[in-house]
Amino acid sequence: MIIESKENKKIKYINKLRNNKFMNEERKFIVEGFHLIEEAYNAGILLETISVDELDYNVPNVLVTQNIMNYISVLPSSSNAIGICKFTEEKKIGNKVIVLDNLQDPGNIGTIIRSANAFNFDTIVLSDTSVNKYNDKLIRASQGMLFKTNVITRNLVDFLNTAKEENYKICITDVTDGKKINTIKNEDKVIIVMGNEGQGVSDYVRNYADTNIYIPMNSTCESLNVAVATSIIMYELNKED
């Protein structure tokens, strides 16, 4: 059977999964395109596929017409396949952590997730005011690295209070009274806090900082994109001397 109607229950269900509240209730999210479906399958979180042709990922596959695929896709040029996935499981928080304070650009977060995976950072903590980690643009920007990285969402007051008790060194990026990033290279347990794209780190979060750090750069450049800055910091802290 091939689904041809927009009124089909499965099609309505897929569209509802675009809503954050319903997504959280179901603990499921959507990926689009064969690359992300493959990554989700390899991560063991793929539950079902919807496609215009037969697929075999050892999960149920629902066939739809191209018109229906175009209807349920959010991409400018729709793919021929969509996957329904279960939420990833949270892992133990490691020793090298990035905290993202109120980041609103899903592309930035996706890029940071890719860099964290590349440069051996254990965990990314999103504030509960940041973009939902299952945002479709974020997932695409991460190129599936979201499924391989421990990305969690927390209230930052609660999280940072606990981090203090567990002896993490908490660092925020700030040129004022800041130290070069290589000065914290040998810390056993370190948290790097990166702030909102326009406002920077929240005042209440600054109160938790043990030290300020900065990236030395040409004086003609006022600031860096948060994803670029975070990637540079992670690269520097991962470098072998």
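Structure's up top.
Residues numbered from 1 in each chain as written. Predicted model: local features only at pLDDT ≥ 70, side-chain atom pairs only at ≥ 80, totals over all residues. Heavy atoms only, no water.

Trainee: Looking at this structure, how should I read the overall build of the protein chain?
Mentor: In terms of helices and strands, the protein chain carries nine helices and 12 strands. The principal-axis extents of the C-alpha atoms in the protein chain amount to approximately 65 × 40 × 35 Å. Summed over its atoms, the accessible surface of the protein chain is roughly 12400 Å², and 44% of this surface lies on carbon and sulfur atoms. Put simply, the protein chain has 27 plus and 32 minus side-chain charges, and the middle of one group is 2 Å from the middle of the other. (Helix = DSSP H or I, 4+ residues; strand = E, 2+ residues; numbered from the N terminus. Areas by Shrake-Rupley, 256 points an atom, 1.4 Å probe, with all protein chains shown as cover. Lys, Arg positive; Asp, Glu negative; His and termini not counted. Charge placed at Lys NZ, Arg CZ, Asp CG, Glu CD.)

Trainee: What's the story with unusual backbone geometry in this structure? I'm lost.
Mentor: Excluding glycine, residues mostly carry a negative phi; peptide bonds, for their part, are mostly trans. Here N58, not a glycine, exhibits a phi torsion of approximately 60°, which is positive. Inspection of the secondary structure assignment puts N58 in the loop between β3 (46-51) and β4 (61-64). On the basis of relative accessible area, N58 is assigned to the exposed category, the value being 64%. Unlike most non-glycine residues, N120 shows phi in positive territory, near 65°. Looking at the secondary structure, you find N120 in the loop between α5 (106-118) and β7 (123-127). (Buried < 20%, exposed > 50% of the residue type's maximum accessible area, 1.4 Å probe, protein only.)

Trainee: What am I meant to see in helix α7 (residues 156-165) here?
Mentor: Given 3.6 residues to a turn, an α-helix orients residues that are three or four positions apart in the same direction. By the burial criterion, the buried members of α7 are L156, F159, L160 and A163. Viewed end-on, α7 has its buried residues packed into an arc of 90°, placing them on one side of the element. Exposed side chains of α7 directed beyond 90 degrees from the buried face belong to D158 and E165. Contact partners of the buried residues in α7: β6 (96-100), β7, β8 (150-154), β9 (169-173), β11 (190-194) and α8 (203-206). Measuring from the side-chain oxygen of the N-cap residue of α7 to the backbone nitrogen of V157 gives 3.0 Å; that N-cap residue is N155. (Arc of directions from axis to C-beta. Contact = heavy atoms within 4.5 Å. Polar contact = N/O pair within 3.5 Å; in protein donor to acceptor, adjacent residues only side chain to side chain.)

Trainee: Even after reading the chapter, I still don't get the layout of surface pockets, so can you show me in this structure?
Mentor: Here the idea is plain: a probe the size of a water molecule rolls over the atoms and shows the empty space left. Taken as a whole, the largest pocket encloses approximately 580 Å³ of empty space. For the largest pocket, the lining is made up of 24 residues, of which T173, M194, S223, L224 and A229 are closest to its centre. Of all the secondary structure elements, the ones that give two or more residues to the lining of the largest pocket are β12 (211-214) and α9 (226-238). Looking at the lining of the largest pocket, the element that brings in the most residues is α9, giving three residues. Grouping the amino acids of the lining of the largest pocket by side-chain chemistry returns 11 nonpolar, nine polar and four charged. As a volume, the second largest pocket reaches approximately 230 Å³. What lines the second largest pocket is a set of 15 residues, among which N24, F87, K133, Y134 and T153 lie closest to the centre. The element contributing the most residues to the lining of the second largest pocket is β8, with three residues. (1 Å grid on protein atoms, 1.4 Å probe; cavity = no way out; pocket = protein on both sides within 12 Å on 5 of 7 lines; lining within 4 Å. Points joined across faces, edges and corners; volume = space filled by probe spheres on them. Nonpolar A, V, L, I, M, F, W, Y, C, P; charged D, E, K, R; others polar.)

Trainee: Quick question: what am I supposed to make of empty space enclosed by the protein here?
Mentor: If you walk through the whole model with that rule in mind, you get one cavity of 30 Å³ or more. Residue lining of the largest cavity: R18, I30, V31, E32, L36, V74, D136, I139 and R140, and that is the complete set. Breaking the lining of the largest cavity down by element, the ones donating at least two residues are β2 (28-32) and α6 (136-142).

Trainee: Help me understand the sheet that holds strand β1 (residues 2-3) in this model?
Mentor: Strand pairing in a sheet is mediated by backbone hydrogen bonds. Such pairs are either parallel or antiparallel. Overall, mixed pairing links the five strands, which are arranged β1-β4-β3-β5-β2 in an open sheet. Strands at the two margins of the open sheet, each flanked by one partner only, are β1 and β2. As paired elements, β1 and β4 share two bridges and run parallel to each other. Its bridge partner lying in β4, I3 is registered against V64. Against the sheet, helix α3 (residues 34-43) touches β2, β3 and β5 (81-86), its axis set at about 30° to β5. (Pairing = 2+ DSSP bridges. Axes fitted to C-alpha atoms, helices over the stretch in contact; angles between N-to-C directions.)

Trainee: Sorry if this is basic, but what is going on with the nonpolar core here?
Mentor: As a rule of thumb, nonpolar side chains are buried together in soluble globular proteins. Grouped together as the largest cluster of nonpolar side chains are 46 residues, with contacts concentrated most on F29, L100, I124 and I192. Ranked by residue count, the leading element in this core is α9, at six residues. Once residues lying within four places of it in the same chain are set aside, the contact partners of I192 are V97, I98, V99, F121, C171, I184, I213, I233 and L237. (Core = buried A, V, L, I, M, F, W, Y, C linked by side-chain atoms within 4.5 Å.)

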